[in-house]
Amino acid sequence: MKIIIIGAGPGGYETAVLAAKRGVETVLIEAGPVGGTCLNEGCIPTKSFCKNAEFVDQLQESEIYGVGKLDFKLDFTKVAERKNAVVEQLRSGVESLLKNKLITLVRGRAFFKDEHTVSVIPNEDASMTQDYTADYIIVATGSVSATLPIPGSDLPGILTSKELLDIDHIPDRLCVIGGGVIGLEFASIFRSFGSEVTVIEYCKDILPRFDTDLAKRLKQSLTKRGIEINTQSQVLSIARNDMEYEVSFSRKGKEEKVHADKVLMAVGRRAALGSLNFSDIGVGTSSKGVMVNEFMQTNIPHIYAVGDINGQMMLAHAATFQGIVALDHIMGIPNEIDLNVMPAAVFTAPEAASVGMTEDECKEKGIPVKCLKSFFRANGKAQTMGETDGFCKIVVAAPSKDGEEGQYPEGKILGCHLYGPHASDIIQEACALITCKASIKDFEKIIHTHPTLTEVLQSALHA
Ligand SMILES: Cc1cc2nc3c(=O)[nH]c(=O)nc-3n(C[C@H](O)[C@H](O)[C@H](O)COP(=O)(O)OP(=O)(O)OC[C@H]3O[C@@H](n4cnc5c(N)ncnc54)[C@H](O)[C@@H]3O)c2cc1C
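Now for a description of the structure that goes with this document.

### Notes on the overall build of the protein chain
Counting secondary structure elements, the protein chain contains 14 helices and 23 strands. Relative to a compact globule of 463 residues, whose C-alpha radius of gyration would be 23 Å, the protein chain shows 24 Å and is just as compact. Dimensions of the protein chain, computed from C-alpha atoms along their principal axes, come out at roughly 65 × 65 × 50 Å. When the 463 residues of the protein chain are sorted by exposure, 49% land in the buried category. At a minimum sequence separation of 6, the contacts of the protein chain that also span at least 24 residues come to 62%. Just so you have it, the protein chain exposes about 22200 Å², and 51% of that area is on carbon and sulfur atoms. Charge separation in the protein chain, taken as the distance between the mean sites of 47 positive and 59 negative side-chain charges, equals 3 Å.

### A few points about helix α12 (residues 423-435)
For α12, spanning 13 residues, the distance from its first C-alpha to its last is 18 Å, which sits close to the expected 18 Å at 1.5 Å a residue. Where α12 is concerned, the buried positions are Ala423, Ser424, Ile426, Ile427, Ala430, Cys431, Leu433 and Ile434. Where α12 is buried, its residues contact β19 (344-346), β20 (351-356), β23 (413-420), α13 (440-444) and α14 (455-461).

### Let's talk about the packing of aromatic side chains
Each aromatic ring pair is characterised by the separation of its centres together with the angle its planes make. Overall, the coordinates contain ten aromatic pairs when judged by the stated rule. Between Phe49 and Phe76, the ring centres sit 5.8 Å apart and the planes meet at 55 degrees, which makes this aromatic pair tilted. With Phe49 in helix α3 (residues 43-60) and Phe76 in helix α4 (residues 76-97), this pair connects stretches of sequence that are 27 residues apart. Residue Phe49 is classed as buried on the basis of its relative accessible area, which comes to 0%. Their ring planes at 80 degrees and their centres at 5.5 Å tell us that Phe190 and Phe193 sit as a pair that is edge-to-face. One exposure class covers both Phe190 and Phe193, and it is buried.

### Quick word on the sheet that holds β19
Spatially, five strands are ordered β19-β20-β23-β22-β21 in an open sheet, and the strand pairing comes out antiparallel. Either end of the sheet is taken by a strand with one partner, and the two such strands are β19 and β21 (369-375). When strand polarity is set aside, the average angle formed by the axes of neighbouring strands in this sheet is 10 degrees. For strand β22 (residues 391-397) and β23, the ladder comprises six bridges, and the chain directions are antiparallel. Within β23, the position partnered with Val395 by the bridge is Gly415.

### Overview of the nonpolar core
Within the largest apolar cluster, 52 residues are counted, with the highest numbers of intra-cluster contacts made by Ile4, Ile6, Ile29 and Phe112. Excluding its chain neighbours within four sequence positions, the residues that come into contact with Ile4 are Val27, Ile29, Val118, Tyr132, Thr133, Ala134, Tyr136, Ile137 and Ile138. Formed by 35 residues, the second largest nonpolar core is a distinct cluster that contains Ala215, Leu218, Ala266 and Ala344.

### Side note on helix α7 (residues 212-224)
With 13 residues, α7 extends 18 Å between its outermost C-alpha atoms, agreeing within 8% with the 18 Å of an ideal straight helix rising 1.5 Å per residue. Close packing links the buried residues of α7 with α6 (181-192), β12 (228-230), β20, β22 and β23. The backbone nitrogen of Asp213 lies 3.1 Å from a side-chain oxygen of the residue at the head of α7, namely Asp211.

### Section: the site of the ligand
Taken together, 36 residues lie near the ligand, and Gly11, Glu30, Thr37, Lys47 and Asp308 sit nearest. A distance of 3.2 Å separates an oxygen atom of the ligand from a polar backbone atom of Cys38. Between an oxygen atom of the ligand and a side-chain N or O atom of His317, the distance comes to 3.4 Å. Here the ligand, which alone exposes 1000 Å², has 91% of that area covered by the protein.

### Observations concerning the packing of α3 against α4
Contact geometry of α3 with α4 gives a least axis separation of 9 Å together with a crossing angle of 140 degrees. For the element pair α3 / α4, the angle class is oblique. For the crossing formed where α3 meets α4, the hand is right-handed. Contacts from Ile44, Pro45, Ser48, Phe49, Lys51 and Asn52 in α3 reach Phe76, Val79, Arg82, Lys83, Val86, Val87 and Leu90 in α4. For the contact of α3 with α4, the per-class residue count stands at eight nonpolar, two polar and three charged.

### Examining the pattern of salt bridges
Summed over the entire model, instances satisfying the criterion amount to 23 salt bridges. Its salt-bridge partner being Glu185, residue Lys47 comes within 2.8 Å of it at the nearest N-O pair. Placement of the pair is Lys47 in helix α3 and Glu185 in helix α6, with a sequence separation of 138 residues. Of the charged contacts in the structure, one is a salt bridge between Arg107 and Glu95, with a shortest N-O distance of 3.6 Å. A residue pair is termed long-range when its members are at least 10 positions apart, and Arg107 in strand β3 (residues 103-107) and Glu95 in helix α4 qualify at twelve residues. Its relative accessible area of 39% is what places Arg107 among the partly exposed residues. Using a relative accessible area of 29% as the deciding quantity, one classes Glu95 as partly exposed. One continuous salt-bridge network, built from bridges that share partners, spans Asp211, Asp213, Glu359, Lys363, Lys373 and Lys393.

### Some details on unusual backbone geometry
Of note, the amide linkage connecting Ala349 to Pro350 takes the cis form, showing an omega dihedral of 0 degrees. Residue placement: Pro350 occurs in the loop between β19 and β20. Omega for the peptide link from His450 to Pro451 comes to -10 degrees, which places this bond in the cis form. Mapping Pro451 onto the fold places it in the loop between α13 and α14. Positive phi is not limited to glycine here, since Leu207 has a value of about 45 degrees.

Criteria and cut-off values
Residues numbered from 1 in each chain as written. Predicted model: local features only at pLDDT ≥ 70, side-chain atom pairs only at ≥ 80, totals over all residues. Heavy atoms only, no water. Helix = DSSP H or I, 4+ residues; strand = E, 2+ residues; numbered from the N terminus. Rg over C-alpha atoms; globule rule 2.2 N^0.38 Å. Buried < 20%, exposed > 50% of the residue type's maximum accessible area, 1.4 Å probe, protein only. Contact = heavy atoms within 4.5 Å. Areas by Shrake-Rupley, 256 points an atom, 1.4 Å probe, with all protein chains shown as cover. Lys, Arg positive; Asp, Glu negative; His and termini not counted. Charge placed at Lys NZ, Arg CZ, Asp CG, Glu CD. Expected span 1.5 Å × (residues − 1). Phe/Tyr/Trp six-rings, centres within 6.5 Å; stacked < 30°, edge-to-face > 60°. Pairing = 2+ DSSP bridges. Axes fitted to C-alpha atoms, helices over the stretch in contact; angles between N-to-C directions. Core = buried A, V, L, I, M, F, W, Y, C linked by side-chain atoms within 4.5 Å. Polar contact = N/O pair within 3.5 Å; in protein donor to acceptor, adjacent residues only side chain to side chain. Near = heavy atom within 4 Å. Parallel < 35°, antiparallel > 145°, perpendicular 65-115°, else oblique. Left-handed = near helix turned anticlockwise from the far one by under 90°. Nonpolar A, V, L, I, M, F, W, Y, C, P; charged D, E, K, R; others polar. Salt bridge = Lys/Arg side-chain N within 4 Å of Asp/Glu carboxyl O.

Next up, the structure:
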């Protein structure tokens, strides 16, 4: 059996490595650097910035820790150099993983010639085009930043996340259009770096797909840190004079303006359907991305699509696990991975994280639930760390009002939503519990080390 994988991001390269481990010959085609968006312009470089931001925040609190007030100036060149070094280190790690006799890494832009043939143009030189065929083809070509169709959105200097990561200085004033995960992470980072930050979000709350309690409280927390957040605000246009950008938005029928030195457009990402010729070969697509079934298979049975390209869950770990599901299906290996139990984290300060169903989602579906809540201010470890802002909410199945057992057995853990220090790590325990279909009774038996932040989950049980 031979497989072609297009795209070497976390969906593509991890699947190629697993396929090779299982003895399958794989051709992996990549137009840019290996590692994809995640490693080169997404998860990793942003988290390197997050670490610098956290460090700066701690230095600001030096007096609390008894070392007196520190006089320091952030050298942004060093921040950027550190980020680039981390990315390069990890990229060389991926390159060595791919040095496997069963993996042929082909550099160039791929497109479908027909449903069995993928053509690759190396270095954008069409005269060098090479054709490849295989029994199965997995498309993992990711996504690109979306933009708003408003006057001024194409002005030079309106930045996407990729461009903001490559900026060479800290802007005095940063306007972030979009209060989703990516927008808020940058807002939080640049606030710590000293920028005046304004966020403009169209929806009622920030983080539209997260638990509403969590979104509201996190908004308060970020506002307390000096980030101005405007929700229910529609950006109308962007104008520029020599000195600055002027972003106009309407809120409750009133037009308002934000003046900024840099503008980040963080209004989501869209599947990179562009130049692969899907329509010519008949692969079904929608406005979200390539359409797939639960095995990540398209309407053409030997073609699969994993990761951002199918628009289902734009997360690196989702891409990787969808790749495993696709490969198992191709190889006829039974697979029990539940892609619905997908944790997600927001690396703001404080962090937020979520897994499973939200309270609102359960209400919409008519699932009776009760919510168990706890607060980081009552957590010993959080107090010692001086990071007490945050809460935790566990969504648990409850009997219906008439006492009947609902769709889920009483006590089953359906979701967990929290914000606070290390929320992105703590969520993993809830993820394990939900994956194992655990109930509150199972959870009660698990002993948590004291003093740790994970005790915030245990405290919710006793709330
Ligand atoms: C700023 C930012 C921060 C993020 N932070 C997080 C985070 O903290 N956690 C998280 O889980 N997710 C995060 N994400 C999302 C995450 O990066 C993506 O979900 C993930 O990279 C998707 O993986 P993928 O394999 O589907 O696609 P990608 O990683 O985008 O990889 C696709 C690859 O395909 C290649 N390609 C495209 N077209 C072709 C072609 N025609 N021929 C050959 N090669 C092609 C591209 O060059 C690319 O290397 C972040 C994204 C951004 C932008």
